[in-house]
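Understanding the architecture of this molecule
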Amino acid sequence: MEKTLNEIAQRLYGVDVDTKLTRPDPQFGDYATNIALQLAKPLGKNPREVAEEIASALRETGEFSEVTVAGPGFINVRISAGALAEKLQNQWSATFGENQDGAGKTVIVEYPSPNMAKPYSVGHLRPGNQGWAARQLMKATGWNVITDNHLGDYGAPLGIWITGFRLFSSDEALERDGVYELGRVYIETKKALKEETERGETKLADEVQDWLQKFEAGDEEALNYSQRFNEISLGHIHTVMNRLKISTDFELGEAFFAPQGKEAVQKLLTSGVAVQNEDGSIIVPLDEFGFDVPLLVQKSNGTALYATTDLATMLYRQDNWHPDKIIHAVGAEQQFYFSQLFAMAKKLGLEMESIHLWFGTIDQLNEDGTREKMSSRKGVVLMEELLNQAEDKARAVVEGRDILEDDIKKIALGAIKFSDFMSDRRTNILFDWNTIFALTGYSGPYVQYAAVRVNAILRENGNGEAFVAGYDYSPEKDIISHILEYPEIVRRAAAELEPHRIAGYLYELARELNRYYEATPVATGGVDDTQKAARLGVLTKVSQIFTHGLGLLGIEVPERM
Ligand code: ARG
């Protein structure tokens with residue numbers, strides 16, 4: 001119905017609308033929409049008139065048994081079960097909203113891109129969740145998808161690690177605690193550096209820079225350290241990504257690009273795109289794109305920066321993968337940086353569409369009720385710890401039942417990931433264990449439970465029939481019209497990179513299903529064979545949508561829960 005409305009708005013007024021349907025008092029109809037009120041103002045028309053125009057277009061579709069205009073311009077519709085059933089029959093064999101919008105085009109999706117200096121923290125939870133969902137949505141819409149984990153494995157962290165390791169750690173400690181020891185060393189060294197600056201000294205800071213320069217010059221000792229630390233850190237990143245059930249095709253980090261970046265900077269200097277300052281640093285002016293601040297692409301001491309590596313990354317991707325689109329799943333704090341980077345890409349004549357897929361923070365409630373960004377001072381911050389705790393909570397939810405360990409992991413991940421998609425990604429999310437595991441509310445486990453239940457019914461009774469001619473689909477009217485919306489939801493979620501549309505849709509489907517069970521017996525309680533075959537057939541489609549839709553969000557359906 002949303003799709004029909006959008007098509008009508010396109011045809012009558014040439015605009016794209018995103019309208020939410022509401023459910024009026026049943027005496028007025030099945031659905032109501034205020035689309036006419038939404039459109040009237042920008043069109044400069046009388047809302048009532050717009051409503052009448054849309055209403056007659058709706059009547060012409062033949063999908064509704066009744067269309068009425070009420071009040072200042074609300075439209076109420078009653079859906080005809082017969083027309084729906086027919087539509088269902090035609091669309092039944094179609095894929096679940098998968099389409100070919102991206103056919104012949106290549107997209108690079110970059111996630112979760114953690115930094116290697118510290119253990120994987122909740123700071124890289126959203127990049128993984130949102131990036132993976134973007135990957136899934138792009139695949140579902142026919143794109144050729146290349147995924148890349150842009151590791152933060154270069155720059156000051158290495159210098160800090162080496163300096164700190166020599167001062168504050170030992171082979172034994174590193175052997176024993178792995179990445180957690182590296183993280184400890186990193187934090188302790190940062191603290192020492194800060195104290196030193198306050199004293200007006202630079203001894204440690206110089207040492208950090210020395211090691212970086214040695215590394216860039218190919219010094220053997222520096223290379224050995226780097227290799228050893230990276231192995232530990234990368235092993236840990238892979239462990240965490242496996243637990244999160246995300247992966248990428250490539251893993252080309254900053255370190256891989258640093259040498260190429262320095263070469264590219266030299267070329268830009270020659271061609272006049274970049275400019276060298278008196279102190280030796282090199283910048284790319286971006287005035288023509290409205291930036292007062294240029295992008296710094298090389299430090300005065302000649303070392304590469306974050307932007308140097310990104311410059312090389314863009315060129316490498318262009319030369320090797322010829323992408324039409326690049327999606328970077330990175331938090332909101334880097335918005336300015338990416339806008340500069342994309343301006344530089346334009347300046348270099350790169351034509352792909354670049355998207356910064358940004359999102360808000362993950363916040364936590366303080367004891368006094370205020371909220372702040374999740375941090376190590378308060379509660380969990382390590383990803384492994386968060387996953388352990390989630391598994392404990394999931395275990396408690398299914399307490400006393402015979403549930404597979406694998407299913408407990410699926411529930412734990414389902415709860416954590418779903419919470420990422422409950423509202424528009426740009427909003428900050430409040431992380432609260434009770435909400436994300438709420439079996440009666442808007443949560444991953446609620447949707448998973450609905451899917452598990454429908455699967456159990458199908459396991460016991462079979463899949464029914466895709467379409468039963470002659471059966472009156474009236475009891476299934478709401479569910480079927482919801483099913484029919486799915487392809488459009490996927491299309492929009494992919495086009496706008498808004499996976500929360502999928503989450504909201506699945507939650508509504510679960511609620512619709514629960515209402516349905518209350519009113520309609522499916523396989524027991526005096527249903528005849530025709531009813532049973534038709535109803536199980538509808539549930540089969542529902543089950544497939546749950547699996548597919550949750551899969552778009554990186555969530556699996558447990559066997560039992
Ligand atoms: N490692 C970075 C961070 O955690 C994210 C990298 C984003 N990608 C990029 N091409 N700069 O902040």
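Notes on the structure in this doc start here. All figures in this text were calculated on a predicted structure; none of them were measured in a lab. (Residues numbered from 1 in each chain as written. Predicted model: local features only at pLDDT ≥ 70, side-chain atom pairs only at ≥ 80, totals over all residues. Heavy atoms only, no water.)

**As for the site of the ligand**
- Around the ligand, the surrounding shell consists of Glu 110, Ser 113, Asn 115, His 124, His 150, Tyr 306, Asp 310, His 328, Val 330, Gln 334 and Phe 338.
- Measuring from a nitrogen atom of the ligand, one finds a side-chain N or O atom of Tyr 306 at 2.8 Å.
- About the coverage of the ligand: the protein hides 91% of its 350 Å² of free accessible area.
- Classifying every residue of the shell around the ligand gives 3 nonpolar, 6 polar and 2 charged. (Near = heavy atom within 4 Å. Polar contact = N/O pair within 3.5 Å; in protein donor to acceptor, adjacent residues only side chain to side chain. Areas by Shrake-Rupley, 256 points an atom, 1.4 Å probe, with all protein chains shown as cover. Nonpolar A, V, L, I, M, F, W, Y, C, P; charged D, E, K, R; others polar.)

**Digging into the nonpolar core**
- Residues Ile 54 and Phe 546 are the most contacted members of the largest nonpolar core, which totals 145 residues.
- Non-local contacts of Phe 546, meaning those with residues more than four positions away in its chain, are made with Val 447, Ala 450, Ala 451, Val 454, Leu 506, Leu 509, Ala 510, Leu 513 and Gly 551.
- Residues Leu 252, Phe 257, Leu 268 and Tyr 337 belong to the second largest nonpolar core, which totals 31 residues. (Core = buried A, V, L, I, M, F, W, Y, C linked by side-chain atoms within 4.5 Å. Buried < 20%, exposed > 50% of the residue type's maximum accessible area, 1.4 Å probe, protein only. Contact = heavy atoms within 4.5 Å.)

**A few points about the layout of surface pockets**
- By volume, the second largest pocket amounts to about 750 Å³.
- The wall of the second largest pocket is formed by 30 residues, among which Glu 2, Lys 20, His 482, Ile 489 and Glu 508 lie closest to the centre.
- At the level of elements, helix H1 (2–13), helix H17 (477–496) and helix H18 (500–519) are the ones that each hand at least two residues to the lining of the second largest pocket.
- With 9 residues, H18 is the single largest residue contributor to the lining of the second largest pocket.
- Class assignment for the residues of the lining of the second largest pocket results in 9 nonpolar, 8 polar and 13 charged. (1 Å grid on protein atoms, 1.4 Å probe; cavity = no way out; pocket = protein on both sides within 12 Å on 5 of 7 lines; lining within 4 Å. Points joined across faces, edges and corners; volume = space filled by probe spheres on them. Helix = DSSP H or I, 4+ residues; strand = E, 2+ residues; numbered from the N terminus.)

**Observations concerning the environment of Val 397**
- Along the chain, Val 397 falls in helix H13 (residues 383–397).
- The sequence separation of Val 397 and Lys 87 amounts to 310 residues, and the corresponding C-alpha distance is 40 Å.
- When residues no more than four places from it in sequence are discounted, the contact partners of Val 397 are Phe 437 and Leu 439.

**Notes on empty space enclosed by the protein**
- Under the definition given, this model contains 3 cavities of 30 Å³ or more.
- Estimated volume of the second largest cavity: approximately 50 Å³.
- Around the second largest cavity, the lining residues are Met 116, Ala 117, Gly 152, Asp 153, Tyr 154, Pro 157, Leu 158, Trp 161, Ser 226 and Asn 230.
- Mapped onto the lining of the second largest cavity, the elements with two or more residues apiece are helix H6 (156–168) and helix H9 (220–244).
- Counted by class, the lining of the second largest cavity contains 6 nonpolar, 3 polar and 1 charged residues.

**Describing the sheet that holds strand E8 (residues 295–298)**
- Overall, antiparallel pairing links the 3 strands, which are arranged E6-E7-E8 in an open sheet. Each edge of the open sheet carries a strand with a single partner, namely strand E6 (275–276) and E8. (Pairing = 2+ DSSP bridges.)

**Let's talk about the environment of Leu 552**
- Tracing the backbone through its elements, the reader meets Leu 552 in helix H19 (residues 529–552).
- Taking relative accessible area as the criterion, Leu 552 reaches 4% and is therefore assigned buried.
- Leu 552 sits 376 residues away from Arg 176 along the chain, and the two C-alpha atoms are 38 Å apart.
- Look past the residues within four positions of Leu 552 in its chain and what remains in contact with it is Ala 133, Gln 136, Leu 137, Ala 140, Tyr 486, Val 490 and Ile 502.

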